[in-house]
Every structure is written in structure tokens, then in C-alpha cells.
Amino acid sequence: MEENLLETQEELELFQFIVVRLGDEQYGINIQYIDNIVRMQHITRVPKVQEYFKGVINLRGEVIPVMSIRIKMGLPVDEFTNSSRIIIIKMESGASIGVIVDEVREVVTLDDSCIEKVVYDAKEERQNFIRSVGKCNGGLISILDLTAVIGDKEGN
Amino acid sequence: MDTSQYLEIFLDESKEHIQSLGDQLMVMEQEPENEDAINEIFRAAHSLKGMAGTMGYKRMQRLTHDMEDVFSEVRNGKMKVDSSLIDVLFQALDALEEYLQNIQETTEEGTNDNDSIINELNRFLKNEGKAKEAPPEKEKPSVSTEKNGKWQEIKLGESERHVMTEAVSQGNHVYGLTVYVQETCILKAARAFLVFKALEEFGEIVVSKPVTQDIEDEKFELDFSVYVVTKSPLEDLIDSVSAVSEIESVLGCEIDPDDMQVVHEEKAQMKEEVSTVSDTSAAKVPPASAGGTQPPVTTPAGNSSTAQKKAPGKPVVNRTVRVDIEKLDVLMNLVSELIIAKNSLVSASSNSEMANSAFNEQIEYLESVTTNLHESVMKVRMVPIESVVQKFPRMIRDLNKKLDKKMELYMSGEETELDRTVVDEIGDPLMHLLRNSADHGLEPNDVRVQRGKPEVGSIYLNAYQDGNNVVIEVADDGNGIDVQAIREKAIGRGTITADQAENMTSKEIIDLLFLPSFSTAKEVTEVSGRGVGLDVVKSKIEALGGDVDVKTELGVGSTFSIRLPLTLAIIQALMVEIGDEKYAISLGSIQTIEDIPPSEVKLVQNKEVIQLRGSVIPLVRLNHVLDIESVKNPEDNMVVVIVKKGDSQAGLVVDELMGQQEIVIKSLGKYINCSKIISGATILGDGEVALILDANALI
């Protein structure tokens, strides 16, 4: 979607990303889909669901499912620390979902010259969730494709 | 002027009229001589035509016009009602419903002319129309003796008189009209508007009494008068005005504005009136002598204060308010929030040391208020299932013809109420079940006779309330379900193995019917038998939190019972603890709670069961089902919650009971693929989320 925009508009498009840490890597989440960032809290386990769902939380009277992005991406299982956060994502469809990250670092603004599309390599599972890579302050940020992260690829 | 603000009234009323047309047609079919029915039909068709015309829906008007012609012939005894005629009329009704549907969606009636139906109607008219020289008699109110043409009371200014004189000299007619609105009319201003609109199609309204502004503000009693300039004959005007709903009668006559004399025996009176009234502006006009008894309503034009006092007419029949269902949803959500807040207060008070009796008293008071509030809001959302089931007699009648089976539908409990959202959803499942009964359930007529049953099959639709549930039963006195046939078919299809089939009870076999794509009808008919029926019924009912149950006896008939919860959003639940997790079980499905020593657990077919008051109840260890480590000592007595679903029971083993609580059901969201045993979640007083167990799925 963004790529299309980039091609059609001459001026440099600016995107804001929240930079989060998962293990040793930095990932970017487009800020427009982020509804809220909350501290780690008690997660009620829901039995017999997809493995990557940690359970549900109460966010101001709403029950919101929370998933572990680590399990989904095949990374080692989460260890909750003081800096762990739940990022509440709200896609266009309206339903909210929370994803657990190790740490929320900063907000960066990137223009499209700093974003490079990555070649899709289906072999490695975590690659499927990364659409492009942003260059920022000398470091690299893998930008998450939220639809793929949230979507239930296995379809069960 | 814009008619869009009246669109809703138009839609509502048209639907009502179409429904009553349909009902009465069914009556007519049974008793073709029923005069009440034909009069009712005629009235409904007439109003429909009038409303469609006023709203500018020409195609709809044309179709109703032809229907009305037919009804008129029938009413005058010139045409006999037979079932082929009723068929065409029902087709016409369907077409009208289609127009309404289009109007509701797009405000346009669509482009379907339905010529075939119209031709068919005309064919009936021609065949029977030997005596049709006399045009159909319209419901034309003749000048009644009770009411006077009050247009005489209108005072005319110089300019208005001039307009009229001018008009007459150009070959127009001037008519004075008085329109009486029915006493029960609620939206008088709307009716008046429709009358004005109808009149403006013919010509120009020169002056009205009360003035237009007052009419729009509903500052009039039951009548208003106008002078109209037009080229059309008076009859046309009266016809089109009386076609507007809730118009009691219309009086009118032609007026010669030159000398302001009425072409009528009241001329002299009229002239006098005009001259006296013109200089005493607030004078009450004495009732015209020629009219006999005049209603004691006098609203002189110059004195609107009297009118104002009485004007905001109290609706006599219907003291209701229309409320958007979304507003009710908001209200319901707020009540839910309130109950959650109350629950947190309760939990805070039980934890803190400061709790004293006065505080607890207040909390209990709050609790009873919120419970009552919830109940009232719930009741507001309840509607009778009548709106859904009233279309079924017609459907069964159609099936009668289509399947060539004689059958009769008996309904009871149409007044049973359910949550609006549920009522909207149960129409399709019920239709499926009724069609099933008609197609598979009932035997062909000759078979019935052979078996010594009445030739006409009976289908029953019964609804009633049972505790916190509403039960809707669809029953028939047909063949019943052939368990052996299902067994064979299931084996043939590989759904189950022969060994499995041996061990299955009849009930389990019948439950196979609810599996996707399992249809036992030997041939696929137009009505049912594509194998998508019962599983859709089941999943839809389960989505509404209910369940379906079948009872059947071969050769005698079968009964499908749908059990639905009264409300969806808030329930009373028992909170239980398993390990360190908390779960809620709906009180509605709980029968008893038992304390069972482990020694009483027996093994039957390698399954744990207990014996309780003579019945054998299977045990479900929730810690196994939910993958939790139980913290209880296995030697201790077990806490067993006995739940029931229809006739079957199960004992759920939990660690601890926490008590009863009113809980608000929240969905888990669409991303999470929940197992069926979790029906939702709720937020507890301490802000924690607890899951709700669906006992039905555990049995």
C-alpha cells in the first residue's frame, strides 16, 4: 500500500514508526495502527487456543486478546521484564489486539528514501512478517507487516 | 415540498397494510364469503394505493390500483374467489414487498413493472367482468349529514377573492373542501401535509384554515378547510384526498367566487357569513343551519388561541416512542459498565477492613437497583416473536401447493418476547425447520390415509417461556425420524463406522443430522434436502447462545425444540476456581452442586461417572479439559457442579466455589480461535478477566 503511494507521489512521504525491541533486533510498527501502549499486566490464559495467544486482558472494560509476537515468529519464548509492554493494535477492521514486545524504544520518522523493500523469502518464517527495512541513525529497523503478524496464517 | 420525512411512516404503514392484506387473503381462501375480510382487504389496498401515489411511487400505485379493481369486483359479488386468483394476488403482494424493499434501501421503487402480474390481474377482471360496465365503486365519502363543510368559515381577503375570480374566468373551478382527520390520528400534521400534496397535484390551494403554518405545527383539531383552484372535477380531488390514511371524510362543493355564493343550498347562509365575519375578526362562526348536528369544534381563523389550547392532540391509542435500536445498545452497554463498577465496589468492600454494616447496606441497595435497571432495559429491548412468525402461515400455504401435500400450521405463543437481536436472527432457522417438517416430516397425503392418520398433516409452532429461556418448538405429526435409515446412511457415507454405529444411542444417531452436509431426504427437492439445513440451524442457534433438541417417534412425528436465553448481555453466573484460574458457569444450566467423596466415582466404559439419586452422571474433570494443575488434594471430597442440557446431565469437577455473581458477557474478539467450551469472557470486580464456560459444550 505504502509502496504504491510512494510511486505515485513525487514529494517525499513521511512515515512514523514506533521502534520496539524483540530480543536483539529492532522492529518498527507503523504508528497509524497503534491504539495504545500499556504496561505488562495480568493476562488471563485462554485454554485451547492458538499457541501464540497468551490470553486476554481487560483494557478499560474491553476484553482484548494478547498474542506473543515471539512465538508467532519462532523466537525464544517471552520473558516478561519491567520494560515489557503490550502494544494495542487496531486495524481498519475495528477489532483490537495486543502484541507483547520486550521494550518500546522511540518514535522515528522516516521518509520513503530510507525505506527499502525486502525480497520476500518464504523459507524463514519470521521473514514473512517483514515487509521492508528502514535505515535510521545508522541502524536498521525491520518494519513489521501487521496484517501478516495478526493474520492467522495457519487458518485453523 | 419534500416527502422524505414521511418516508418512514410510509414504509411502516405499507408493511402493515401488506401484512393485513396477506392475513385477510388467507382468511378469504378459507371462507370466500367472509365480508369482513374483503372489506378489510379493500381498505388496505385502497390506502396502499393512495400512499404510494402520494409518495410518487407510480409503479406501486399502478399495481395496487389493479389489485384494488379485483377486490372491488369481489366485494360487489361480481367475482368469485378461487385459489388461482389468490395465488396471483399473493404474487402481487410479493411484488409490492419488493418495491418496499427497494424503497427502503434506495428510496426508489425500482424499475420492475411487474407487467405479468398486472396482465394476470386484468385477465381475471376480463373473464369475470361481464358485469363490469359499472366502474369499480370507490370508497367515496358522500357528503355526510353529520359534518358541515367548514370551508364556509374561511374569511377571504380581497386578494384571494381576486385570485379565485381570475381563475374562474380562465376556465378553472373553485372548490371548497373540508377534510376531517380520524380522531385516532397521531401525526395530524403529516396527514395534512399529504392532503395538501395530493391537492397540489390538481391545482393551487388559495387559502386554508387554519393557516398553513398552524397546520404544519399541528395547531388544529380534527378538521381543516381549503379553497382550491383547479381544472379537475371535484370527484377526483375528493378521491385522492380520501386515499390518504387516517382521513375520516372529505366534504367539498364548487364555489362561484364572483358573488361568493356557494353552488349549494347554503348560498344565502354563506354570503351572510362572509360579510359578518369580515369585520368581526374574532367572532365565532355560528354553525351552519343546513348541516344538522355539527360537532362542537369551532376554530375561527382569527382566534387560534382556542385551537392552541386543545391542539397538541394527545394520542389516544398508542402511547409509545420509537427508539433506534442503537440507542438501546448504548444504554445496555452503560448498564453493563454500571454492573461492572458495582461488582468492583462489592469486591473492594469485602476486602477492606473498613466495611461496616451501613456501607454493606448501601452496597446491597445499589445491587438491587442495578439488577432492576438491567431488567428494565432488557425488557425494553424485548419484542414479541410475532413479527417473525406471522409470515409462516403464508409460507406453509405456498408449500401446500408446491409439495402437493395438504397441511395446516397451528401456532401458539406468538406473544412470547425475546431480545430484539435474537428475534431478528431466528427467522431463518425457524423457516428451515418448518420447511423440513413440511417436506421430510409429513408423509404424502395418500400414505397418511393408509396409515390411518388424518389426511391433512399438522405442523405446530409453539413458543413459551421457561425460566430464563424461551423455547420454540416446531412439531409435526408426520413420519418421524427413521433412526435406522440415518444409521445406514452415516455408515454408507463413512461418517461413522459400523462398530461405532452399534454403540451409538438413537439420540446420538439423530444428532448426526446436525452435521454439515448430512441430508436424509431421498431426493433433493426445491424446498429442502440440500443438506445445508440443520447444521445451519444449529450453528445459528448456538451463535445466539441457545441449543436445538430433537424428539421423535417413528410413525408419530418429531419435535424440534429451540431453547434460547432471554438475554444475551448479562447473566447470573456461578464463579468457580480451578487451580489459580477463575471461570464462570451460567446459573441457567446448573442444576445442583454436590460434595462427592472420591470413593463414589465409578468407571463405566473407562469413563468416570457418579451415581446421584438414581441417575448415572458422567464426570468432567475441568482441570483436564482446561489444562490446569489442580491444587486440590485428590483424597478430599470433590466439588461437583451438576449441569444439564435438555435431558442429559454432567458433573463438572472444580476446585473451589467462589459464589454467585451477575456478570457481563464480553466477546473474546475475532482474532482468537476459541474452543467451543469458552463462550466468552467477563470482567470481575478486581478488573481481572474471567472466562465463561459453556456447559452445553462440555456435555
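Residues numbered from 1 in each chain as written. Chains lettered and ligands numbered in written order. Predicted model: local features only at pLDDT ≥ 70, side-chain atom pairs only at ≥ 80, totals over all residues.

**Q** Outline the overall build of chain A, listing residues and values.
**A** Scanning chain A for helices and strands turns up three helices and eleven strands. Beginning at the N terminus, the succession of helices and strands in chain A can be written as α-β-β-β-β-β-α-β-β-β-β-β-β-α. In chain A, buried positions account for 33% of the 156 residues. When contacts within chain A are restricted to residue pairs at least 6 apart in sequence, those whose partners lie at least 24 apart make up 52%. (Helix = DSSP H or I, 4+ residues; strand = E, 2+ residues; numbered from the N terminus. Buried ≥ 20, exposed ≤ 12 C-beta atoms within 10 Å, placed from the backbone. Contact = placed C-beta atoms within 7 Å.)

**Q** Please provide a residue-by-residue account of the confidence of the model for chain B, values included.
**A** Residues and elements named next belong to chain B. With 82% of its residues at a pLDDT of 70 or more, chain B has an overall mean of 77. Contacts from residues 261-317, a stretch scored under 50 in pLDDT, to residues over four places away or in other chains number 85 contacts. Across residues 526-531, confidence stays below pLDDT 50; counting only partners more than four residues off in sequence or on other chains, it has 23 contacts. Here the complex is predicted with pTM 0.52, and the ipTM for its interfaces comes to 0.81. (pLDDT = per-residue confidence, 0-100.)

**Q** Report on the sheet that holds strand β19 (residues 638-645) of chain B, specifying residues and quantitative values.
**A** Sheet strands pair via backbone hydrogen bonds, and the direction of the pair is either parallel or antiparallel. Residue and element names in this part refer to chain B. Taken in spatial order, the six strands of this open sheet run β15-β19-β20-β18-β17-β16, and their pairing is mixed. Two strands in the sheet have a free side with no partner beyond their single neighbour: β15 (590-596) and β16 (602-604). Put simply, the sheet's adjacent strands are angled 40° from each other on average, direction ignored. Judged from the six bridges that link them, β15 and β19 form a sheet pairing that is antiparallel. Following the sheet pairing, Asp595 is matched in β19 by Val639. (Pairing = 2+ DSSP bridges. Axes fitted to C-alpha atoms, helices over the stretch in contact; angles between N-to-C directions.)

**Q** Which residues make up the nonpolar core, and what values do they have?
**A** Counting residues in hydrophobic clusters, the biggest one holds 81 residues, and the most contacted among them are A:Val46, A:Val56, B:Ile585, B:Leu652 and B:Leu693. Formed jointly, this core draws a minimum of three residues from each of two domains, domain 3 (325-380) and domain 5 (570-698) of chain B. Contact partners of B:Leu693, with chain neighbours within four places excluded, come to B:Tyr583, B:Ala584, B:Ile585, B:Ile677, B:Ile678 and B:Leu698. Counting residues in each nonpolar core, the second largest holds 72 residues, with B:Leu63, B:Val70, B:Ile103 and B:Tyr175 among its members. (Core = buried A, V, L, I, M, F, W, Y, C linked by C-beta atoms within 7 Å. Domains from an automatic or database assignment.)

**Q** Please give an account of the interface of chain A and chain B that cites residues and values.
**A** How large an interface is tends to be reported as the accessible area lost when its parts come together. Taken together, the contact between chain A and chain B spans 21 residues of the former and 22 residues of the latter. For the side of chain A that touches chain B, the secondary-structure elements that each account for two or more residues are β4 (53-59) and β5 (62-68) of chain A. With four residues, β4(A) is the largest single contributor of residues to the side of chain A that touches chain B. Class assignment of the residues belonging to the side of chain A that touches chain B gives a composition of twelve nonpolar, six polar and three charged. (Nonpolar A, V, L, I, M, F, W, Y, C, P; charged D, E, K, R; others polar.)

**Q** Run through the sheet that holds strand β13 (residues 570-578) of chain B, naming residues and quoting values.
**A** Residue and element names in this part refer to chain B. Within the open sheet, the five strands sit side by side as β21-β13-β14-β23-β22. Their pairing is mixed. The sheet terminates laterally at β21 (656-664) and β22 (678-683), the two strands that pair on one side only. Recorded for the sheet is a direction-independent mean angle of 35° between the axes of neighbouring strands. Direction of pairing for strand β14 (residues 581-586) relative to strand β23 (residues 689-693): parallel, over a ladder of three bridges. Paired with Ile585 across the bridge in β23 is Leu693.

**Q** Give me the packing of helix α2 (residues 35-54) of chain B against helix α3 (residues 58-75) of chain B: which residues, what numbers.
**A** All names here are of chain B. Direction vectors running N to C along α2 and α3 enclose 155°, while the axes themselves pass 9 Å from each other. By the angle between their directions, the pair α2 and α3 is classed as roughly antiparallel. Viewed along their axes, α2 and α3 form a crossing whose handedness is left-handed. The residues of α3 that touch α2, namely those facing Ile38, Asn39, Ile41, Phe42, Ala45, His46, Leu48, Lys49, Ala52 and Gly53, are Met60, Gln61, Thr64, His65, Met67, Glu68, Phe71, Ser72, Val74 and Arg75. By residue class, the composition of the contact of α2 with α3 is ten nonpolar, seven polar and three charged. (Parallel < 35°, antiparallel > 145°, perpendicular 65-115°, else oblique. Left-handed = near helix turned anticlockwise from the far one by under 90°.)

**Q** Let's hear about the environment of B:Val388: which residues, and what values?
**A** Residue and element names in this part refer to chain B. Structurally, Val388 can be placed in helix α14 (residues 386-389). Here Val388 falls in the buried class, since 22 other C-beta atoms lie within 10 Å of it. A sequence separation of 43 residues divides Val388 from Met431, and the C-alpha atoms of the two residues are 9.7 Å apart. Setting aside residues no more than four positions away along its own chain, Val388 makes contact with Val423, Ile426, Gly427 and Leu430.

**Q** Before we move on, could you go through the packing of helix α1 (residues 7-30) of chain B against helix α4 (residues 83-106) of chain B and cite the residues and values that matter?
**A** Residue and element names in this part refer to chain B. Look at α1 against α4: their axes get within 11 Å of each other, and the N-to-C directions meet at 165°. The angle between α1 and α4 falls in the class roughly antiparallel. With respect to the hand of their crossing, α1 and α4 are arranged in left-handed fashion. On α4, the residues that touch Leu11, Ser14, Lys15, Ile18, Leu21, Gly22, Leu25, Met28 and Glu29 of α1 are Ser83, Ile86, Leu89, Phe90, Leu93, Leu96, Glu97, Leu100, Ile103 and Gln104. Class assignment for the residues of the contact of α1 with α4 results in twelve nonpolar, four polar and three charged.

**Q** Before we move on, can you summarise helix α16 (residues 420-441) of chain B with the specific residues and values?
**A** Because an α-helix completes one turn every 3.6 residues, residues spaced three or four positions apart along the sequence face the same direction. Taking 1.5 Å per residue as the helical rise, α16(B) with its 22 residues ought to reach 32 Å, and the 30 Å between its terminal C-alpha atoms agrees with that figure. Taking the largest bend as the criterion, α16(B) deviates by roughly 35°, centred on B:Ile426, and proline B:Pro429 comes between one and four positions later. (Expected span 1.5 Å × (residues − 1). Bend = angle between axes of the 7 residues up to and from the residue.)

**Q** Summarise unusual backbone geometry; cite the residues concerned and give the values.
**A** Residues and elements named next belong to chain B. A positive phi angle, close to 50°, is found at Gln605, a residue other than glycine. Relative to the helices and strands, Gln605 resides in the loop between β16 and β17 (607-612). Of note, the phi angle at Asn606 is positive, near 65°, even though the residue is not glycine. Structurally, Asn606 is set in the loop between β16 and β17.

**Q** Could you give an account of the pairing of strand β11 (residues 139-144) of chain A, with specific residues and numbers?
**A** In regular strands, side chains alternate between the two faces of the sheet. Residue and element names in this part refer to chain A. In the sheet, strand β2 (residues 25-30) pairs with β11 via two bridges, with the strands oriented parallel. Among the inter-strand pairings, Gly28 is bridged to a residue of β11, identified as Ile143. Of the strand pairs in this sheet, strand β10 (residues 130-136) and β11 are connected by six bridges, and their pairing is antiparallel. The partner of Cys136 across the bridge, within β11, is Gly139. With antiparallel pairing between neighbouring strands as the criterion, β10 and β11 make up a hairpin whose turn holds two residues, including Asn137 at a positive phi of roughly 50°.

**Q** Can you break down the confidence of the model for chain A residue by residue, with the values?
**A** Residue and element names in this part refer to chain A. A residue-level look at chain A finds 83% of positions with pLDDT of 70 or above and a mean pLDDT of 80. Model confidence for chain A, summarised as mean pLDDT per element, is weakest for helix α1 (residues 2-8) at 49 and strongest for strand β6 (residues 85-90) at 92. Predicted confidence for residues 5-9 stays below pLDDT 50, and this span has three contacts to residues more than four positions away or in other chains.

**Q** Tell me what's going on with the pairing of β5(A), and back it up with residues and numbers.
**A** Residue and element names in this part refer to chain A. Buried residues dominate β5, accounting for six of its seven residues. Note that β4 and β5 share six bridges and pair antiparallel. Along β5, the bridge assignment pairs Gly55 with Val66. Hairpin connection between β4 and β5: a loop of two residues separates the two successive antiparallel strands, and Arg60 in this loop has a positive phi of roughly 45°.

**Q** For the environment of B:Gly646, give the residues involved together with the corresponding values.
**A** Mapping B:Gly646 onto the fold places it in the loop between β19 and β20 (648-654). Sequence-wise, B:Gly646 and B:Ser561 are 85 residues apart; in three dimensions their C-alpha atoms are separated by 9.7 Å.

**Q** Describe in detail α3(B), supporting the description with residues and values.
**A** Residue and element names in this part refer to chain B. The terminal C-alpha atoms of α3, which comprises 18 residues, lie 25 Å apart, in line with the 26 Å expected from a rise of 1.5 Å per residue. Among the 18 residues that make up α3, 13 are buried, leaving the element largely enclosed by the rest of the structure. Just downstream of α3 lies Gly77, where phi reads positive at about 75°.

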